[in-house]
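# Report on the structure
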Amino acid sequence: MLSIEQIVNDPEFVRQKLVDRGEDPPIDQIIELDSQRRALVHEGDELRAKRNEVSRGGRPSPEQIAEMRSVGERIKTIEVEQEEIQGKLHELLIVLPNLPKDAVPVGADEESNIVVRDGSARVERDFEVEPNWDFAERTGIFDLPAGANMSGARFYVLKGKGAALQRALSDWMLDVHTREHGYIEIAPPFMIRSEAMTASGNLPKFADTMFHDEEDDLWLIPTAEVTLNYLHAGEIIDPGRLPLKYVAHTPCFRRERTAAGRDTRGIKRVRQFEKVEMFQFVDPKYSEGVLDEMIADAIDLCERLGLPWRLLALATGDISFQSAQTFDLEVWAPGSQEWLEVSSLSDCTDFQGRRSNTRFRPEGGGSPGYVNSLNGSGLALPRIVIAILENYQQADGTVSIPEVLRPYTGFDSIG
RNA sequence: GGAGGGGUGGCCGAGUGGCUUAAGGCGCCUGUCUUGAAAACAGGUAUGCCCGUGAGGGCAUCGCAGGUUCGAAUCCUGUCCCCUCCGCCA
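Quick caveat, the model's predicted, so the values are computed rather than measured.

Moving on: the overall build of chain A. From N to C terminus, chain A includes 13 helices and 18 strands. Overall, chain A is about 100 × 45 × 40 Å in size when its C-alpha atoms are taken along their principal axes. Burial analysis of chain A (415 residues in total) assigns 50% to the buried set. Considering only intrachain contacts with a sequence separation of at least 6, the fraction spanning at least 24 residues in chain A is 73%. Of the accessible surface of chain A, which amounts to about 19800 Å², a share of 47% is contributed by carbon and sulfur atoms. Between the centroid of the 46 positive side chains of chain A and the centroid of its 70 negative side chains there is a distance of 3 Å.

Take the pairing of strand β11 (residues 309–313) next. Of all the five residues making up β11, five are buried; the element is thus mostly covered by neighbouring parts of the structure. The alternating pattern of β11 places W309, L311 and A313 and R310 and L312 on opposite faces, both of which are buried. With four bridges connecting them, strand β1 (residues 114–118) and β11 associate as antiparallel partners. Bridging from a neighbouring strand, I114 pairs with A313 of β11. Sheet topology note: the β11/strand β12 (residues 325–333) ladder contains five bridges and is antiparallel. Residue pairing across strands places L311 opposite L329, the latter belonging to β12.

On the secondary structure map, K17 appears in helix α2 (residues 11–20). Judged by relative accessible area, K17 falls into the buried class, the value being 10%. Within the structure, K17 has its side chain in polar contact with the side chain of D102 (distance 2.6 Å). In this structure K17 touches L99, P100, K101 and D102, once residues within four positions along its chain are discounted.

The subject of this paragraph is the pattern of salt bridges. Enumeration according to the criterion identifies 22 salt bridges in this entry. One salt bridge connects K50 with E67, and the closest N-O pair in it is separated by 3.9 Å. Here E67 lies in helix α4 (residues 62–94) and K50 lies in helix α3 (residues 27–56), a separation of 17 residues in the sequence. Overall, E67 belongs to the partly exposed group, its relative accessible area being 39%. Taking the shortest distance from any N to any O, the salt bridge between D347 and K101 comes out at 2.9 Å. Of this pair, D347 sits in strand β13 (residues 338–347) while K101 sits in the loop between α4 and β1; the two residues are 246 residues apart in sequence, bridging distant segments of the chain.

All right, on to the protein's contact with RNA strand B then. In the vicinity of RNA strand B, 22 residues are found, and the nearest of them are R38, D45, R69, R193 and R361. Those atoms of RNA strand B that come within 4 Å of the protein belong to sugar or phosphate at a rate of 86%. Within the side chain of D45, an N or O atom sits 2.8 Å from a sugar or linking oxygen of RNA strand B. A distance of 3.4 Å separates a sugar or linking oxygen of RNA strand B from a polar atom in the backbone of I65. Looking at the surface near RNA strand B, the element that brings in the most residues is α3, giving 11 residues. In terms of residue class, the surface near RNA strand B is made up of seven nonpolar, four polar and 11 charged.

Bringing the sheet that holds strand β7 (residues 218–220) into the picture now. Spatial strand order, β5-β7-β6: three strands in an open sheet with antiparallel pairing. Single-partner strands in this sheet number two, and they are β5 (191–192) and β6 (212–213). Relative to β7, β6 runs antiparallel, the two being bridged by two bridges. If you follow D213 over to β7, its bridge partner there is L218.

How big an interface is tends to be stated in terms of accessible area lost as the parts join. Looking at the assigned domains, one finds that chain A contains domain 1 (4–93) and domain 2 (110–414). Measuring from the centre of the C-alpha atoms in domain 1 to the corresponding centre in domain 2 gives 42 Å.

To continue, consider the sheet that holds strand β4 (residues 184–186). Here eight strands make up an open sheet; going across it, the order is β1-β11-β12-β13-β16-β10-β9-β4 and the pairing mixed. Edge positions in the open sheet fall to β1 and β4, since each of these has one partner strand only. Strand after strand, the sheet turns through a mean of 25° between neighbouring axes, direction not considered. Pairing analysis gives three bridges linking β4 to strand β9 (residues 244–253), with the strands arranged parallel. Across the sheet, residue I186 finds its bridge partner in β9, namely A248. Where helix α12 (residues 381–391) meets the sheet, its contacts fall on β9, β10 (272–282), β12, β13 and β16 (372–380), and the angle it forms with β16 comes to roughly 40°.

Helix length check: α4, at 33 residues, gives a terminal C-alpha distance of 47 Å against a target of 48 Å (1.5 Å per residue), a fit within 8%. Of all the positions in α4, only M68, V71, I75, I78, Q82, I85, L89, L92, L93 and I94 are classed as buried. Elements that come into contact with the buried residues of α4 comprise α1 (4–9), α3, α8 (194–200) and α11 (351–356).

Turning our eyes to something else, we now look at the environment of F351. Considering the arrangement of structural elements, one finds F351 in helix α11. In this structure the C-alpha to C-alpha distance between F351 and P131, which are 220 residues apart in sequence, comes to 41 Å. Contacts of F351, omitting those with residues within four sequence positions, involve M1, L2, L96, P97, N98, F321 and Q322.

Parameters at a glance
Residues numbered from 1 in each chain as written. Chains lettered and ligands numbered in written order. Predicted model: local features only at pLDDT ≥ 70, side-chain atom pairs only at ≥ 80, totals over all residues. Heavy atoms only, no water. Helix = DSSP H or I, 4+ residues; strand = E, 2+ residues; numbered from the N terminus. Buried < 20%, exposed > 50% of the residue type's maximum accessible area, 1.4 Å probe, protein only. Contact = heavy atoms within 4.5 Å. Areas by Shrake-Rupley, 256 points an atom, 1.4 Å probe, with all protein chains shown as cover. Lys, Arg positive; Asp, Glu negative; His and termini not counted. Charge placed at Lys NZ, Arg CZ, Asp CG, Glu CD. Pairing = 2+ DSSP bridges. Polar contact = N/O pair within 3.5 Å; in protein donor to acceptor, adjacent residues only side chain to side chain. Salt bridge = Lys/Arg side-chain N within 4 Å of Asp/Glu carboxyl O. Near = heavy atom within 4 Å. Nonpolar A, V, L, I, M, F, W, Y, C, P; charged D, E, K, R; others polar. Domains from an automatic or database assignment. Axes fitted to C-alpha atoms, helices over the stretch in contact; angles between N-to-C directions. Expected span 1.5 Å × (residues − 1).

Structure, rendered in structure tokens:
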């Protein structure tokens with residue numbers, strides 16, 4: 001949610017930032033509605049003040065009761081109007097995305113994304129790397145038909161060493177983040193209410209990308225971000241407790257209503273996958289550099305796994321709804337011959353704090369402010385599995401397990 | 001799923017239609033006293049919004065949302081959450 005004060009005080013700045021994202025924001029209408037709202041609030045307050053004054057002395061006279069009856073009716077009318085205006089205002093504001101930061105490349109889509117760092121030392125191989133789906137079918141570590149059979153397209157089953165590899169990865173990632181990067185591990189629910197989904201920015205605009213249970217009105221989480229963001233909803237966090245750094249390993253459920261045939265091979269784009277998610281609540285005063293820190297935390301995992309990676313600065317037209325700045329971390333898959341997005345790291349400024357009403361008390365006192373929130377995968381598991389199967393393939397057709405994972409897998413090769 | 005009990009400020013807790021502008025206690029902050037501290041005493045101690053350059057003034061909020069009333073923490077309805085018991089259950 002954008003701040004109404006900012007829209008009213010600096011309308012042209014806000015308009016330009018949203019135009020950069022490809023939006024056509026109804027700024028003038030918002031300002032007009034807010035001015036109407038203010039007038040109604042003022043009139044209502046004055047009438048209520050009058051009524052309170054009369055009520056304060058005990059039982060009023062019959063004349064006063066008659067007068068207050070009409071005052072009460074006018075208050076009711078104003079309240080109805082006010083509710084209508086505020087409803088319209090809320091509808092307009094709740095669908096406006098966050099404002100991109102100045103550093104974000106301006107551009108309509110992913111064509112304008114910029115590779116800002118490249119950590120990929122290409123390894124020359126004297127054999128052809130088998131794509132992960134072929135390797136997995138040959139060795140039996142994925143069972144794609146079984147997944148499709150029980151759940152439909154874009155569901156999959158991991159078997160044997162495939163399942164163990166994924167489990168080793170998530171355990172290892174959580175250990176690195178909690179023991180070395182300073183995150184607190186959270187095991188959240190995988191289904192949440194509409195309020196929480198709205199607070200993260202996934203509702204109301206992206207309802208059709210998620211799974212929903214009608215009977216209890218619960219949504220399956222598309223990422224742990226939506227749960228971590230709501231962890232302190234409605235709270236005023238005590239001074240000195242920020243930053244709060246959380247990490248969670250959860251399944252992620254997405255409808256993936258993309259064009260049929262796109263990214264259909266293997267487990268790259270699926271309707272349920274596992275992910276380790278990093279999340280931070282910070283004092284806006286100290287938010288500088290936090291995104292870089294989280295990027296470093298994600299890159300650290302790629303480095304330790306020995307995977308070639310690169311970092312992209314996403315353009316204004318490609319960052320997500322709640323984000324003010326996003327970097328994508330990709331790893332190279334030499335068998336499928338493509339870059340795989342394994343983490344998307346975003347600074348959401350105070351956009352989610354405002355929607356979840358998560359505030360903090362500044363050090364040294366003063367009135368509360370909205371927290372800043374940042375999130376990023378650390379990392380998405382199926383794609384890391386893919387990257388390991390292709391980067392660690394040997395000439396004899398086996399895959400060796402990265403050193404750091406061996407204490408977790410208990411085996412050192414597949415195939 | 002069924003039956004019952006409950007939700008009041010940072011915490012505890014009183015409050016069954018109007019002297020409630022939410023008592024009282026605890027905690028915290030400031031001051032007096034003290035060499036310092038404790039104790040005692042005095043004052044202060046929520047959030048949001050509106051008006052005002054400001055000093056300041058006003059409105060709302062007793063889980064949440066509606067309703068009844070001149071007037072609601074208090075009465076009514078719905079809803080969320082917590083507790084006890086029954087049922088079901090890894």
